[in-house]
Structure formats: C-alpha cells, structure tokens
Amino acid sequence: MGNIKFVKENKEVVAADGANLRLKAMENGIDIYKVWGKMTNCGGYGQCATCIVEIVEGLENLSPRTDVEKRKFKNKPDNYRLACQTLVNGPISVRTKP
C-alpha cells in the first residue's frame, strides 16, 4: 500500500498496490484536468493526454511509462506522467496540472 500526496491540494489518500492514479484522484475529489481537458478527456484510455501530472517524489514506486506515454512525452521530463496510464505501487507525491 502507498499513500498518494496531492501537493497543490494538500491532500493525502491511501491507495492499494496497483491502483490507477487517475481513478484514485477522481474517487477523492482531486481535479486533475485543466479547463480544456474537462471537456475533451478520453475517459482514461491514454488518447487525449489531458490528465498530465508531475511526480514530485516516489517515481520509483510507479509502473513504467507506457508506449503511449513515451510517444506523448518525448520532450518532457521523466517525472511527467499520464494519470490514467500510471499504476501506484508505493508512496508518491503528485503535482496536478503542471
């Protein structure tokens, strides 16, 4: 089990190993979408890239980047992830809407 700390929101939630970051955020009332993303998000399939988050701590406690993320984030730092494609396996700190 790992805690997910949402830095901007100053909120910490508990997640079982293998929990999806996007779903845990939504279940706990954390808004990960900017204005445009609220209207155009793909529902968690990794197609729209609107659920971008920045991992502040605990990058080693996440699933590896998916092929979708590798394509979408070619020129972004390694700590940028799509919440919908990210599985949590330990404690992390997340900055939403980087």
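Model, not experiment: these values are computed from the prediction. (Residues numbered from 1 in each chain as written. Predicted model: local features only at pLDDT ≥ 70, side-chain atom pairs only at ≥ 80, totals over all residues. Heavy atoms only, no water.)

Turning our eyes to something else, we now look at the overall build of the protein chain. What the protein chain contains, in helices and strands, is 3 helices and 7 strands. For the protein chain, the α and β elements follow one another from N to C terminus as β-β-β-α-α-β-α-β-β-β. Its C-alpha atoms put the protein chain at 30 × 25 × 20 Å along the principal axes. The burial tally for the protein chain puts 44% of its 98 residues in the buried class. The contacts in the protein chain between residues at least 6 apart in sequence include a share of 59% that link residues at least 24 apart. When the accessible surface of the protein chain is split by element, carbon and sulfur atoms take 50% of a total near 5,500 Å². Counting 16 positive and 11 negative side-chain charges, the protein chain places the averaged centre of each group 8 Å from the other. (Helix = DSSP H or I, 4+ residues; strand = E, 2+ residues; numbered from the N terminus. Buried < 20%, exposed > 50% of the residue type's maximum accessible area, 1.4 Å probe, protein only. Contact = heavy atoms within 4.5 Å. Areas by Shrake-Rupley, 256 points an atom, 1.4 Å probe, with all protein chains shown as cover. Lys, Arg positive; Asp, Glu negative; His and termini not counted. Charge placed at Lys NZ, Arg CZ, Asp CG, Glu CD.)

If you walk across this open sheet you meet the 5 strands as β2-β1-β7-β4-β5, and the pairing is mixed. The sheet terminates laterally at β2 (11-15) and β5 (80-82), the two strands that pair on one side only. If you compare each strand with its neighbour and ignore which way they point, the axes differ by 35 degrees on average. Pairing geometry for strand β4 (residues 52-57) and strand β7 (residues 92-96), over 4 bridges, is antiparallel. Of the residues in β7, the one forming a bridge with Ile55 is Val94. (Pairing = 2+ DSSP bridges. Axes fitted to C-alpha atoms, helices over the stretch in contact; angles between N-to-C directions.)

What follows concerns the pattern of salt bridges. As enumerated under the stated definition, the model contains 4 salt bridges in all. A salt bridge links Arg95 to Glu54; the shortest N-O distance between them is 3.2 Å. Separated by 41 residues along the polypeptide, Arg95 in strand β7 and Glu54 in strand β4 bring together distant segments of the chain. Accessibility expressed as a relative area gives 29% for Arg95, which makes it partly exposed. By relative accessible area, Glu54 is classed as buried at 17%. (Salt bridge = Lys/Arg side-chain N within 4 Å of Asp/Glu carboxyl O.)

Turning to a nonpolar patch on the surface, a few remarks are in order. There is a patch of nonpolar side chains on the surface, built from Val35, Trp36 and Met39 and spanning about 420 Å² of accessible area. With respect to the element layout, Val35 can be found in helix α2 (residues 35-40). (Patch = residues over 30% accessible without salt bridge, like charges linked within 9 Å, V, L, I, M, F, W, Y side chains within 5 Å.)

Right, let's talk about the pairing of β4 for a bit. Sheet topology note: the β4/β5 ladder contains 3 bridges and is antiparallel. Across the sheet, Val53 pairs through a bridge with Arg81, a residue of β5.

These figures come from the coordinates and say nothing about function on their own.
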